[in-house]
Amino acid sequence: MTYARLLLEAQRLADAQEQVDALTRERPDAPEAWLIQASLKLQSGELQQAQEALERFTQLLEAAPASEARERAMTQAWLMHAQIAEKRGDLAQAEAWLARIDNGAELLSAQVRRASLLARQGKLSQARALIRATPVKTEEDERLKWQAEAQLLREAGEYREAYDIQGKAVALAPDDDDLLYDQAMLAEKAGQPREAERLLRSIIARKPQHHHALNALGYLLADRGERLSEARTLITRALEQMPGDPFITDSLGWVEFRLGQRERALELLQQAFETQPDAEIAAHLGEVLWSLGRRKQALQAWREGQRLNPDNDTLRETLKRLGVQL
């Protein structure tokens, strides 16, 4: 069983499956073997077999005396049941499985997942109430709760409120650059570019090589058509930290386009899209091609971006601004 677990952790799924099959044949009354079996089947996408293994595991474990170990094992089973239901598209059933978890060590993460499932069913207020009602023991847990609520609001497009909630997380850890970066991105989404710029500059002042902040500030300036020379310098500095990064390369391509260097922009954006097919990069690539009169190629790039993510804000705004229908 230990060997099977090691193989599973190493993602040697076929080898792990061989060991688990032997285990379940020789010791069909060993609960843990069925739990590992369920995990393997879930990872390989065999959802029905995973569910059957979990049901067998639960039958065996119910006969065991109550203990912390038994509670932890049942929590694992409920988490897997929830994953199976979610993969089948049954979000309500997935949420119901997660609702069974009251294990203190897993409670916060389970409640955050429940809230995400509720929000995806259009029950945002209920999802937020669930997170807020979850008890916490540490300041870190409190911060994680605020972050989780901000993420729910971000995914729902409620950027202004998400920004305010993220500020509560930042207040608990003011020196955490990643939290501050997320708040800057929410400020930009909430239509507060000056606040986004202020937050990004505060990160760079504290950590001059923070490539995410350098890239975000450069892109923000380029997208607004402001201080383009500074924007190029910022993005170039970010690219020096992360050579070849497709998203930073995309930003550099966009600022070159804003500077009127369309051929150079095209070269960079094609390179970025080849490295990382992405809807936002496709939006920029298509616009450069469109400006060069290469309309057929532009439409092809946009269609590919739409296939990758039809809800991408940048792509939708680009098509609307240019009056293009795909």
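In what follows, the structure referred to is the one given above.
Conventions used here
Residues numbered from 1 in each chain as written. Predicted model: local features only at pLDDT ≥ 70, side-chain atom pairs only at ≥ 80, totals over all residues. Heavy atoms only, no water. Helix = DSSP H or I, 4+ residues; strand = E, 2+ residues; numbered from the N terminus. Buried < 20%, exposed > 50% of the residue type's maximum accessible area, 1.4 Å probe, protein only. Expected span 1.5 Å × (residues − 1). Contact = heavy atoms within 4.5 Å. Axes fitted to C-alpha atoms, helices over the stretch in contact; angles between N-to-C directions. Parallel < 35°, antiparallel > 145°, perpendicular 65-115°, else oblique. Left-handed = near helix turned anticlockwise from the far one by under 90°. Nonpolar A, V, L, I, M, F, W, Y, C, P; charged D, E, K, R; others polar. Salt bridge = Lys/Arg side-chain N within 4 Å of Asp/Glu carboxyl O.

1. Quick look at unusual backbone geometry
Item 1. One non-glycine residue, Gln 11, lies in the positive phi region at around 60 degrees.
Item 2. One can find Gln 11 in the loop between α1 (2–9) and α2 (13–26).
Item 3. Here Arg 227, not a glycine, exhibits a phi torsion of approximately 40 degrees, which is positive.
Item 4. One can find Arg 227 in the loop between α13 (211–224) and α14 (228–241).
Item 5. The exposure class of Arg 227 is partly exposed, given its relative accessible area of 37%.

2. Describing helix α3 (residues 31–43)
Item 1. When the terminal C-alpha atoms of α3 are compared, their 19 Å separation across 13 residues agrees well with the 18 Å that a helix rising 1.5 Å per residue should span.
Item 2. Across the 13 residues of α3, ten count as buried, placing the element largely inside the fold.
Item 3. Among the residues of α3, Ala 33, Trp 34, Leu 35, Ile 36, Gln 37, Ala 38, Ser 39, Leu 40, Lys 41 and Leu 42 are the ones counted as buried.
Item 4. Buried positions along α3 lie against α1, α2, α4 (47–62) and α5 (68–87).

3. Topic: the packing of helix α12 (residues 193–206) against α13
Item 1. Taken N-terminus to C-terminus, the directions of α12 and α13 make an angle of 150 degrees; their axes are 9 Å apart at the nearest point. The angle between the axes of α12 and α13 places the two elements in the roughly antiparallel class. For the pair α12 and α13, the sense of crossing is left-handed. Along the contact surface, α12 presents Pro 193, Arg 194, Ala 196, Glu 197, Leu 200, Arg 201, Ile 203 and Ile 204, while α13 presents Ala 213, Leu 214, Ala 216, Leu 217, Leu 220, Leu 221 and Arg 224.
Item 2. Here the residues of the contact of α12 with α13 are counted per class, giving eleven nonpolar, no polar and four charged.

4. Focus on the pattern of salt bridges
Item 1. This model, assessed by the stated rule, comprises 30 salt bridges.
Item 2. Across the salt bridge formed by Asp 175 and Arg 206, the nearest N and O atoms sit 3.8 Å from each other. Here Asp 175, found in the loop between α10 (159–172) and α11 (177–189), pairs with Arg 206, found in helix α12; they are 31 residues apart in sequence, far enough to count as distant.
Item 3. You can call Asp 175 exposed: its relative accessible area is 64%.
Item 4. For Arg 321, the salt bridge goes to Glu 287, with nearest N and O atoms at 2.9 Å. With Arg 321 in helix α19 (residues 313–322) and Glu 287 in helix α17 (residues 279–291), this residue pair connects regions lying 34 residues apart in the sequence.
Item 5. Residue Arg 321 is classed as partly exposed on the basis of its relative accessible area of 43%.

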